[in-house]
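# Examining the three-dimensional arrangement
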Amino acid sequence: MKHKGKPSSLADTLFRAAIGLALLAVSLVVLVPMLNLLALSLSDPGRVGEVTGLTILPKGFSTVNYRVLAANPLFVRSIINAIIITVVGTAINLLVTSMAAFALTRERLPGRRFFMLLVIVIMVFEPGLIPEYLVIKKLGLMNSLWSVILYKTVNVYYLIILMRFFEEVPASLIEAARIDGAGYGTIFMKIMLPLAKPAIATLGLFYGVFHWNEYFRASIYLSDPDKYPLQLILRQFVVLDDTASLIGSGALFSYDEAARLDYGALKASTIIVAMLPVLIIYPLILKYYTKGVMEGGVKE
Amino acid sequence: MKKSIATIIALAAIVAIGVQSAGATGTKEAAPGAPTAPATVRLVLKDLDTDPNAAQFIDLIEKGMAEAGVNVDIEIVKIPAGNYAEKLSLMIMSGDVPDLIYFQGGDDKLAAQGILEDLRPYVNKSRYFKSLMDAHSVQRLESYPYLAWIAPPRVRTPVIRRDWYDSLPSAKAVTANPSVDTYYALFKDLVAQKGTKYGISVTGATNGVEELDAIFDACFGITSTWMKGSDGQWVYSRVTPSEKTKLEFYAKLYKEGLLDPEYLTKKWDSKEQVFYEGKAGIIPGVAPGSIDVYVNKMIKAQGTDLVALPPAKGKAQGLTPFVDVTKEARGFAIASTSKVKAAAFAVLDFIWSPAGLKIAKLGMPGLHYVDDGKQYVLTDKYSEWYNGWFGDSFNGFKADKPLSRPIVTPAATAAGDLAKKYMMPDKTILIPEQYITNWDAMTNLYKEYCADIVTGKQPISAFDEFVAKWNKAGGTDVTKYANTILK
Amino acid sequence: MRNAMLKPRTLRTRFRQEGFLLVLLVPALVYFSVYHLVPMAGMTLAFQDYRIVGPSQFVGLKHFKMLFSSPAFFDVLKNTLIISSMKIILFFPLPLLFALMVNELRSVLLRKFVQATAYLPHFLSWVVIAGVWISFLSPSTGGANQARGLVGLPPVDYMTSKSAIRWVLFASETWRSLGWDSIIYLAALMRINPNLYESAEMDGAGALQKAWYITIPELAPTMITVLILNLGFFMSAGFDQVFNMMNDSVISAVDILDTYIYRIGLLNMQYSFSTAANLFKGAIGLVLILGTHSAAKRVTGKGLW
């Protein structure tokens, strides 16, 4: 968002400089530990002891940790599963959530107050694991990717945020469309969605990340290892400290080499791998933020 | 005609007897007169369903059992990944109950509802299982007959690097005469002469001072969770004057830098790390399992193996944790609703037979070990084989050929021997439902006061304050209750 | 059609016209029924003793009594309220401030850099973050204390300090969520009409004034929404974080409702107990949301809807 107009005063420039510095500091505070993890994961296993909390560059260089991960027979499969779950899941999320948000923001919706209350109640009351498990079982979704994809199809928190964005579309626009004979469907598709692009993109990001990181539901409902999504496999390294499963990549190493692997460095590499797709996709989403304001401008 | 009928009847009789002798309790698995189809035993075992060797393992077991005369078809039940106890209880609570079930927690509630079978009759009739049980296992089965398991008692021993052990007279002094003073001297020597940052480190984040207790609980007079005082009344060990004296000693260790100043935030991996790096002179670990891991890692890190040290001797001598003799913490159960109970137990009995132990401990032939005619050579891949699927004990294991190298490192075996020698059977109670939340608060009180006193945030006099609060939070009532239960 | 909107409509006409809206709502309703409403019927478990074999017995308020019965309950509740307040109320303006500051950046490069890095920690699990922070705060080798040493201050063990630990929770939560939570505000900022700023500049408004008189009021609906929604989760002060960062010395300062429920409920396999606890938390959350919603509506004319 660029402000055009008069050149700024000295006070403004100083102000902006101060902000720039502060934000730079924040970025560094955040970036250093991440680079540290990256460095740890790429360091030569023999030199891992030299890596302190502030090291940014790897000591020595070795991709052994990543090779170990890749050698796990389930690794590639789990990435594919994660992609399927994320893409299909997010598409469904956005579709259902935007439809519901649109409906709920129309004042004329029959029973609107009732639905709003219902939605809030659903948000705050967590029914608990066992009832949900029983329902999934009854539906025959056990061990199916669908049980994970459909989990949190509508996140009420996000729903309400989207409603907020929909409400900010000027009523005059909608009125104009109705006078031209547009029904709700047309209004939804031709006006709401295009104008709320930043919001939809944001929700897409939120839902996408949610699906990508979700492992717990997968851990309960999936029993076939070749259905496991990426996070579940990675977790087995970090949380359960399951060295045996990693040494399933035994073909790569001799006993000695495997024993020399530094466990902490391996954990670091799992974290980096888990984050990679989001790192790649996020800048693409950022583009939406600048585009969105250009289209569908409203002259008031 | 008569001859064929006679043959059939004879066969049926043999089959019926065969099935009976495998441990049946009167329910016939096969209709008499019919040829036995192999009984299908549904087995659920943590991590077995995802192990790459599972199919072969089960195959070997089935073949071995068939050779011994019992036909079973073992079906591995898949269980979702993650916290095993959680997933297992979810599965059972939704009505899917396998026949042979490995439990690692959560079984007591199920036993209380009658879902688990009393295993004593099966054990009593067993050919191998019964004879290989250790004393503590026997006691446990008697008082809680729903879980069967053969494993060494789970206690911790302290270990020190062998190269340091050999060069420090104070270390040898500890072995010869373990006491508070000799340990104290050793800690000091480690810092002064070996350049460690501190003498000993423990996993404080999850276990508080438990690992220190492995060495020192008994010498200060603490030998079980609940102890009988001279007045005949039972009292909780953590609120006794002995505990106070012990904490005073720990505080001294902390103050002089002999106990890791950051022990409260140490998790298991950071504790191990400072040991291999030479920052800590001694760490305690569960013998023999964890010790075995430490030895292998220390050899890779520093090229020396480890020596297990005995617990300090004072008012008494022993290692902790106190061994619960009321119940196995993990083990195999058989569902009371199962239709193949005898077959299920037969699987267990077979594993503990020499033929079964060979499979369980050595792994898959050709992959984990190779038979070169004269001995079994353990391959590079042997470390991938988990030899504790049915229990970590090596009781009764004697391979028919010598092994190229010991399965368990000598240091770990020595630690295991110490563990068996110095284990202390526990005297404790199950906290009844009405006191569960009180007990939770009381436990937290202990943890926090203990941490504060040891780290010097509070003086030792705060201990009395702790006892008063503990009693008020429910201690008096629970103690009264305990005195009605314990004899 | 246009005349139809001016006449008063019968119920049938209304249904025909608005029926389409209901159709749009149906997929969401199906999801809610299956994944939420039906399982919520299972919340009656809170009033029963769960039995696997055989029917569960009705026990009334027994589990609720158990929830409140711990001698430590009030401390636990107090910690939950304090930590939640710090996280929801104290933390609340920070992502907004961050978004505003990023918005002011002229340099596109810097802006992209800051935006791209700030959200990264959100992806780390608390297991990892706890490890990072414990390391960072270590009295012997951690960066924080080394910095103190540089200016001549003695080292402090923050992780085991009852007075400092809540601030450690607050700081680490901020570190983790600042960037991510600001995304919503950044998206909202995109919607603000640039003409508003142009007219303000022509009237001589500086950066601060533009922020105060234009940006904040425009963002107000989003801000209020976020605040009210977060209040619905007031009783959950962050299990993962506390669980991973707790140690023996600070139990009395940071033991929250969720860690308490975890110990009693899961470790003792008391499923009815955890269900009762969830009911309790949900009820409080509901009251808070509806309360703040009505208050906001009265004050600003707009609440959650």
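Residues numbered from 1 in each chain as written. Chains lettered and ligands numbered in written order. Predicted model: local features only at pLDDT ≥ 70, side-chain atom pairs only at ≥ 80, totals over all residues.

Attention now goes to the overall build of chain B. Looking only at helices and strands, chain B has 20 helices and 14 strands in total. Taking the principal axes of the C-alpha coordinates as reference, chain B spans close to 95 × 55 × 40 Å. Put simply, 77% of the contacts in chain B that link residues at least 6 apart link residues at least 24 apart. (Helix = DSSP H or I, 4+ residues; strand = E, 2+ residues; numbered from the N terminus. Contact = placed C-beta atoms within 7 Å.)

For the pair helix H1 (residues 10–42) of chain A and helix H4 (residues 93–104) of chain C, interaxial distance at closest approach is 9 Å and the crossing angle is 120°. It follows that H1 of chain A is oblique to H4 of chain C by the angle criterion. As for how H1 of chain A packs across H4 of chain C, the hand of that crossing is left-handed. Between H1 of chain A, through Arg16, Ile19, Ala22 and Leu23 of chain A, and H4 of chain C, the contact on the second element is made entirely by Met101, Val102 and Glu104 of chain C. (Axes fitted to C-alpha atoms, helices over the stretch in contact; angles between N-to-C directions. Parallel < 35°, antiparallel > 145°, perpendicular 65-115°, else oblique. Left-handed = near helix turned anticlockwise from the far one by under 90°.)

Here chain B is described as being made up of domain 1 (2–152 + 329–377) and domain 2 (155–324). Here the C-alpha centroids of domain 1 of chain B and domain 2 of chain B sit 39 Å apart. (Domains from an automatic or database assignment.)

Before going further, it helps to spend a moment on the domain arrangement of chain A. A common way to report how large an interface is uses the accessible area buried once the components associate. Residue and element names in this part refer to chain A. The domain boundaries assigned to chain A delineate domain 1 (7–62) and domain 2 (65–294). At the interface, seven residues of domain 1 touch 10 residues of domain 2. Taken together, the residues of the side of domain 1 that touches domain 2 break down into five nonpolar, two polar and no charged. (Nonpolar A, V, L, I, M, F, W, Y, C, P; charged D, E, K, R; others polar.)

On to the interface of chain B and chain C, then. With 30 residues of chain B at the contact, the number on the chain C side is 24 residues. When residues of the side of chain B that touches chain C are traced back to their parent elements, those giving at least two are helix H3 (84–93), helix H4 (107–112), helix H11 (204–207), helix H19 (436–454) and helix H20 (462–485) of chain B. The dominant element in the side of chain B that touches chain C, judged by the number of residues it contributes, is H19 of chain B, at 11 residues. Among the residues making up the side of chain B that touches chain C, the classes are represented as 12 nonpolar, 11 polar and seven charged.

On to the nonpolar core. If you look at the biggest cluster of nonpolar residues, it comprises 223 residues, and the most contacted ones within it are Ala100, Leu159 and Leu162 of chain A together with Val159, Ile291, Leu306 and Ala308 of chain B. The residues contacting alanine 100 of chain A, other than those within four sequence positions of it, are Val154 and Leu159 of chain A together with Leu24, Leu25 and Ala28 of chain C. (Core = buried A, V, L, I, M, F, W, Y, C linked by C-beta atoms within 7 Å. Buried ≥ 20, exposed ≤ 12 C-beta atoms within 10 Å, placed from the backbone.)

With that settled, the discussion passes to the interface of chain C and chain A. At the junction of the two partners, chain C supplies 77 residues and chain A supplies 74 residues. Among the elements of the structure, helix H1 (11–41), H4, helix H5 (108–118), helix H6 (126–136), helix H8 (165–190), helix H9 (194–202), helix H10 (207–231) and helix H14 (271–300) of chain C are those that each provide at least two residues to the side of chain C that touches chain A. Taken together, the residues of the side of chain C that touches chain A break down into 50 nonpolar, 19 polar and eight charged.

Residue and element names in this part refer to chain B. Alternating residues of strand S3 (residues 100–103) divide into Leu100 and Tyr102 and Ile101 and Phe103, and every residue in both groups is buried. Bridging between strand S1 (residues 39–44) and S3 involves two bridges; their strand directions are parallel. For leucine 43, the partnering residue across the bridge sits in S3 and is leucine 100. Two elements, S3 and strand S11 (residues 331–334), share four bridges in a ladder whose sense is antiparallel. (Pairing = 2+ DSSP bridges.)

Turning to the environment of serine 62 of chain A, a few remarks are in order. Residue and element names in this part refer to chain A. Tracing the backbone shows serine 62 in the loop between H1 and helix H2 (64–71). Separated by 18 residues in the primary sequence, serine 62 and aspartate 44 have C-alpha atoms spaced 4.9 Å apart. Setting aside chain neighbours within four positions, we find serine 62 in contact with Leu42, Ser43, Asp44 and Pro45.

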